[in-house]
Amino acid sequence: MLKSKIIWFIPAIIFFLLPLSCAEQRSDPILKIGLHEEPKTLNIWLASDANSKRILSLIYQPLYLRAPDTLDLIPWLAADQPEFHPDTISYTVRLKQAKWSDGSEVTSADVAFTANLIKEFKIPRHYSQWKFIKKIETPDNHTVIFYLSRPEAIFRDRTLTTTIVQEKEWSQIAENAKKQKKPLRFLLNYKIDNPVGCGPFVLTEWQKGAYVHLKQSPYFFGKNRRIDRRLIGPYIDDILFKIYGTSDVAVLALKKGSIDMFWWGLQPGYLKNLQQHKGIKVLFNKKSALYFMGFNVRKKPFEDVNLRRAIAVLINKDFIISRILQGYGTRMDSIVPPGNKYWFCPDVDLYGKGLDRKERIKKAYHILRNAGYTWVVPPVDNNGHVVSGEGIRTPDERLMEPFEILTPPADYDPLRAMSGLMIQEWLRAIGMPAFSKPMAFGALLEQVKGRHEFDAFVLGYGRLSLDPDYLRNFFLSSNDKPRGWNMSGYKNRYFDQLANQSASEMNREIRKDLIWKMQKIIMADVPYIPLYDPKLIEAVRNDTFRGWVNMLDGIGNIWSFCQVKPVSR
Amino acid sequence: MGIRKFIFKRLIEILVIFFIILTVLFVLLRLSPGDPVSRIVDPTMTPEDAQRLIEQLGLNQPIWIQYGYYLKNFFLGNLGISFHYGQPVTSIIWSRLFNTIILFTTAVILSALAGVFLGKIASWHKGERTDTWLTLSALVCHTLFLPWVALIFIWVFAYKIGGFPLTGMISAEIWADPSSGFWLKLLDVAHHMILPLLTLFLIHFGSYLLIMRSSMLDTLREDYILTARAKGLTEKIIRNRHAAPNAALPVITSVGLSLAFSISGGALTETVFSWPGIGRELVFSVSNNDYPLAQACFLLIAIVVLLSNLVVDVLYMYLDPRIRY
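Residues numbered from 1 in each chain as written. Chains lettered and ligands numbered in written order. Predicted model: local features only at pLDDT ≥ 70, side-chain atom pairs only at ≥ 80, totals over all residues. Heavy atoms only, no water.

This paragraph deals with unusual backbone geometry. Residues and elements named next belong to chain A. Of note, the amide linkage connecting G233 to P234 takes the cis form, showing an omega dihedral of 5 degrees. Residue placement: P234 occurs in the loop between β13 (230–231) and β14 (238–243). Residue P301 follows K300 across a cis peptide bond; omega there is 0 degrees. Inspection of the secondary structure puts P301 in the loop between β17 (290–295) and α9 (305–314). Within the chain, Q326 stands out as a residue other than glycine whose phi angle is a positive 50 degrees. By the secondary structure assignment, Q326 is in the loop between α10 (317–324) and β18 (329–331). Taking the relative accessible area as the measure of exposure, Q326 reaches 47% and is therefore partly exposed. (Helix = DSSP H or I, 4+ residues; strand = E, 2+ residues; numbered from the N terminus. Buried < 20%, exposed > 50% of the residue type's maximum accessible area, 1.4 Å probe, protein only.)

All names here are of chain A. Scanning the entire structure with this criterion turns up 44 salt bridges over all chains. Put simply, E120 and K178 hold a salt bridge, and the shortest N to O gap is 3.2 Å. Within this pair, whereas E120 is found in helix α3 (residues 108–121), its partner K178 is found in helix α5 (residues 167–178), the two being separated by 58 residues in sequence. Residue classification places K178 among the partly exposed positions, given a relative accessible area of 39%. Here K317 makes a salt bridge to D333, at a shortest N to O gap of 3.4 Å. One end of the pair, K317, is in helix α10; the other, D333, is in the loop between β18 and α11 (357–370), with 16 residues separating them in the sequence. On the basis of relative accessible area, D333 is assigned to the buried category, the value being 10%. (Salt bridge = Lys/Arg side-chain N within 4 Å of Asp/Glu carboxyl O.)

A separate point is the nonpolar core. All names here are of chain A. Formed by 113 residues in total, the largest nonpolar core has its most connected members in L63 and F146. With residues near it in sequence (within four places) discarded, F146 still touches L63, I89, S90, Y91, V93, V111, W130, I133, K135, I136, F155 and L160. Counting 83 residues, the second largest nonpolar core, distinct from the first, contains M332, F344, C345 and L415. (Core = buried A, V, L, I, M, F, W, Y, C linked by side-chain atoms within 4.5 Å. Contact = heavy atoms within 4.5 Å.)

All names here are of chain A. Reading across from one edge, β5-β6-β8-β7 is the order of the 4 strands in this open sheet, with antiparallel pairing throughout. Edge positions in the open sheet fall to β5 (83–85) and β7 (133–140), since each of these has one partner strand only. Recorded for the sheet is a direction-independent mean angle of 20 degrees between the axes of neighbouring strands. Direction of pairing for β7 relative to strand β8 (residues 143–148): antiparallel, over a ladder of 5 bridges. Each residue of the ladder has a partner; that of D140, found in β8, is T143. On top of the sheet, α3 reaches β7 and β8; it is set at about 165 degrees to β7, its chief contact. (Pairing = 2+ DSSP bridges. Axes fitted to C-alpha atoms, helices over the stretch in contact; angles between N-to-C directions.)

A separate point is the sheet that holds strand β11 (residues 211–216) of chain A. Residues and elements named next belong to chain A. With mixed pairing, 7 strands are arranged side by side in an open sheet as β10-β11-β14-β1-β15-β25-β16. A strand with exactly one partner marks an edge of an open sheet, and here the two such strands are β10 (201–207) and β16 (280–285). For strand β15 (residues 261–262) and strand β25 (residues 536–541), the ladder comprises 2 bridges, and the chain directions are antiparallel. Residue pairing across strands places F262 opposite A539, the latter belonging to β25.

Listed below in structure tokens is the structure:
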């Protein structure tokens, strides 16, 4: 009796639940996007995780954006290019007619409020881009004049690309924050349920742990306008963000049609499978990223530039690209990624480029031998044959102490962990006692950036800004301090001079010249050896939506979301 | 010792242990390398920004002052604000706790019931084909690698056959639709639960089966079983009324602790099935040095485990009157 009940009960449940599974396959004009993790917050000042930033980028908008193809600064919320007045070191920016998602007008007061809020609360990650603003004037509702306390090159490319918030939404929060013992913490922790932006989308619902639903804003200023030769939409009414904890499942969701795009870079291992699937298109874009090997130049043996140059020769970057990155990456020969065409300097030392293994070892051997290094067993014998080198001695005739190359663990980033291992082997071939040591990412950063207790490391920046001011940040002598970005402890007065000059140079061409010189100096002194810039592999369904805009750092950009439309239209 | 006195004594012990856990947790989390700010690899975060954030989070103060605030806040019921979410950790945990309980606790209960039932059958048919198959399948299931099983289930049942959702706890299409009623939403959650539940069931039932089988085999050798047979009782009554209740005691301990630990969820299951539970938050908070969130998660687990131990002990006294502490 019981058995027969069970036999009927199971099909009954399946009968009731099956229609639910069909609900996921319903075809409607909602753009469904897979995210790797849920956003942490909708408070724009707290958001530091990629997914919060992605969602907020569709809601809050900046004055200027980058053009997808040229990367030039394009007026977005601004009406035209900023006007520079050298005599007063000021910029005039005029605003388009625009509305916030609550229907009120975007005015110059909102822009001034945003700037003052960032300055007053010294909001981390924003303050450094606004602190040099001396005064802001708003002669009318659509004109803002920024007075700079000193010429600052980053103003145009960094400050003017900061998102603007609504005074009405934030002024009361700011007032309340000021009354607190810890005003900044109050501001950062303030819970924003319905962010008011002026972007193409507004938040409809955030079902925690499940999905985020955005719908088209009826007040978006760009709708039906032609900006950068593009007729701006958006052409979709809704976006649904779903969470997929692993790429494996997200790829299945994409193939099944549960999502139209997975907003996360894919590993090359998925490529073959995806490319064979009808209805899926794989897109490749360059990243503005830098993965590199860094040295602690504060201490022996890496204080010696000849040793660093020899290591730069020994590292086979092409092998890393072809074998570890399976061909989906770009060799990096400078600190500025090659995708950042305007600022990238191609005329730098290329070290071992084009050399085979034996030629590399011979070249490195000659650099070191000329610098006074000796060996128990030299890596090149008297007949000029490459052999396994042993017992390298530094110019002061001491045996080189074993040193560690710290890398993130393989479960965090297999590419960097594997690169560390390969570098270890290449250095051992010439007799250097190198040991690759993967360690927890937090511990690695603490050791390298906080305490400066390391020999060498392999790290990376996944998303560098397009303005190359980071070059100054990474190598300026004064940034060699705990938590400072000069992790290597590199010091060069001439570089400092050029770096400071570049920071205040308002003429783009002159600044480009300075940035190129800085790249040449760094690549001659090699405190960092740039290794690779991985290609961003993304996948979308091409039978549901079309019009994705390729750009440096991928198709997940505001241009895409304002251009993408259902295939049926 | 009377049962009331025993419970009172155990409660005092629990309080002492909990205080020790409270302290050890505080120290361990701060001993882990880095801080919440050091992991932000963003050149726009200047050292001055980092220092300002550290000060705002109160992490610049001497460790004993931080500890003092920690104890004071704990006794005032304030577990702090998550560094990354910017929200009180209690609200984050509450929003995840139900999801974890509904999946993991259900999985423990179902797998324990099945394990006890099948373990009983296996022991009764010792040496026969039924026993061999049940024991073998229990061993195989128990040693399966959870993420692999989960992915295979997703691939077969959700992708290939297509009767189940790929991941998540709810369908956005149903929950975002205002016309969806309560029952439809409830069915939707049940629908999403089936695959993760099946995975957890498959992984866990084997251990209960093996414990029950081994305990039953010991019990069946007892004199009172022989007496029951001599009295002419049926095999079914001997098995279900005389042997099984006594053999179930070790399983109760195991189930009690599993139930307690089930509130910590499972990071792997939650990740593969994108199930919004506590397990992922726990891993996130520890790896990102989000001290308040990590502390709150661990303290919740600690308190449930300590209390469930007490419940198991009391249950033992009830199930076996010979046991007195």
